[in-house]
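Topology and contacts: notes
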Amino acid sequence: MNMGGAHGRDFGLVCRDASGHNGVQLKRTGRWPSGGLYCGKACMTPTNQGSIRLLRLAGIDLYLHWSWFLVAYYGISQRAGTYASPVWNVLEYLALFGIVLLHEFGHALACRQVGGQADRIVLWPLGGVAYVNPPQRPGAMLWSIAAGPLVNVVLFPTLLGIAYLMSVAGLAETMPNASELLQAVFYINFALLIFNLLPIYPLDGGQILRSLLWFVLGRAWSLMVVTVIGFVGVAGLILLAALAQSVWMGLIGMFILLNCWRGLRQAVEMIRAARAPRHEEFACPHCRMHPPCGAFWICGNCQQPFDMFAERAVCPNCAAAYVTTGCLDCGAPSPIQAWLPAEPDEQIETV
Ligand SMILES: [Zn+2]
Ligand SMILES: [Zn+2]
Ligand SMILES: [Zn+2]
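Residues numbered from 1 in each chain as written. Chains lettered and ligands numbered in written order. Predicted model: local features only at pLDDT ≥ 70, side-chain atom pairs only at ≥ 80, totals over all residues.

A closer look at the packing of helix H3 (residues 138-168) against helix H5 (residues 176-196)
Running from N to C, H3 and H5 cross one another at 160 degrees; their axes reach a closest spacing of 10 Å. Relative to H5, the element H3 is oriented roughly antiparallel. For H3 against H5, the interelement crossing comes out left-handed. Residues Gly-148, Pro-149, Asn-152, Val-153, Leu-155, Phe-156, Leu-159, Ile-162, Ala-163 and Met-166 of H3 form the contact with H5, whose participating residues are Ser-179, Leu-182, Val-185, Phe-186, Asn-189, Leu-192, Leu-193 and Asn-196. Partitioned by chemical class, the residues of the contact of H3 with H5 number 13 nonpolar, 5 polar and no charged. (Axes fitted to C-alpha atoms, helices over the stretch in contact; angles between N-to-C directions. Helix = DSSP H or I, 4+ residues; strand = E, 2+ residues; numbered from the N terminus. Parallel < 35°, antiparallel > 145°, perpendicular 65-115°, else oblique. Left-handed = near helix turned anticlockwise from the far one by under 90°. Contact = placed C-beta atoms within 7 Å. Nonpolar A, V, L, I, M, F, W, Y, C, P; charged D, E, K, R; others polar.)

A few points about the pairing of strand S6 (residues 127-133)
The two faces of the sheet receive side chains in turn, since in a regular strand these alternate between them. Of all the 7 residues making up S6, 7 are buried; the element is thus mostly covered by neighbouring parts of the structure. Note that strand S5 (residues 117-124) and S6 share 7 bridges and pair antiparallel. When the sheet's bridge partners are listed, Ala-118 is paired in S6 with Val-132. In this antiparallel pair of consecutive strands, S5 and S6, the connection spans 2 residues. (Buried ≥ 20, exposed ≤ 12 C-beta atoms within 10 Å, placed from the backbone. Pairing = 2+ DSSP bridges.)

Some thoughts on the environment of Gln-78
Its place among the elements puts Gln-78 in helix H1 (residues 67-78). Expressed as a C-alpha distance, the spacing of Gln-78 and Asn-89, which sit 11 residues apart in the sequence, is 9.4 Å.

Topic: the environment of Leu-181
Note that Leu-181 resides in helix H5. You can call Leu-181 partly exposed: it has 18 C-beta atoms within 10 Å. Setting aside its immediate chain neighbours within four residues, Leu-181 contacts Trp-88, Leu-91 and Glu-92.

Encoded structure:
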């Protein structure tokens, strides 16, 4: 993100990762994180709807949200006059989102590497969202999150190298606009790195901190701690936005605040579920955990919470039947039949 001050821009970018929803799979209470994160729709992140599919690369679909064009127009016109021709302003704006895109690919590819799912990246005015669903292990989560900012770290010497070559070739004098653009891209990359590393959940820095705490405190309490830290951080950010009278920073602050609140609710739900009695007759085919007893699933159709296993994957309120049921412990969706032990021996073992 560019913090508004640096280089006189007034736009900001948040890198956010969101768990993807596959098909008719249910949404879980408190937007249970299938990526340790939150559901897109409910917290104002872009979805495929209203987005244009640009391309497919390495099995990842890239979407661009329509609102990007409006904000791009505003952002570019704000910077008019900094170059000899507005074409350079357009290039600068595209470079900004090029860096965001590389960052998101870093998340997506790292997530795949550790065995998670990542098939979609959406660009929108506040930045990029990589829909990643890493395995529910702190190490896998840590790598999936850290790989994004690492891309910006790698870009550092790359951009410096290009600048050096340009100055050696004397292009700074002959092509002042290109040189100016390169400098701007350098600052953009730096600002994105610093902003995303702030330890404010759900920014990358906050999520890295969460993954590290997960090793010590466990999945639920690590989330609880970082959301509380996040509230303090976001209060500072909103204060800064007010002082700087930056609408963009205010919007980003509100966005972070909403997600922090959601994260806190998730953590509370996780702790509640961890303490609940379990349906001993069912076991997740992936992680072998028994699902908790209680209304921990939300019907995607009527929004009523219900106990997926007590109701055998049919909503008691609207009779919507679920093809797959998400595991609250590992996030993996499986058909309800797959949750029943295949062999009686195995059941005896788990009892
Ligand atoms: Zn990121
Ligand atoms: Zn329902
Ligand atoms: Zn599981």
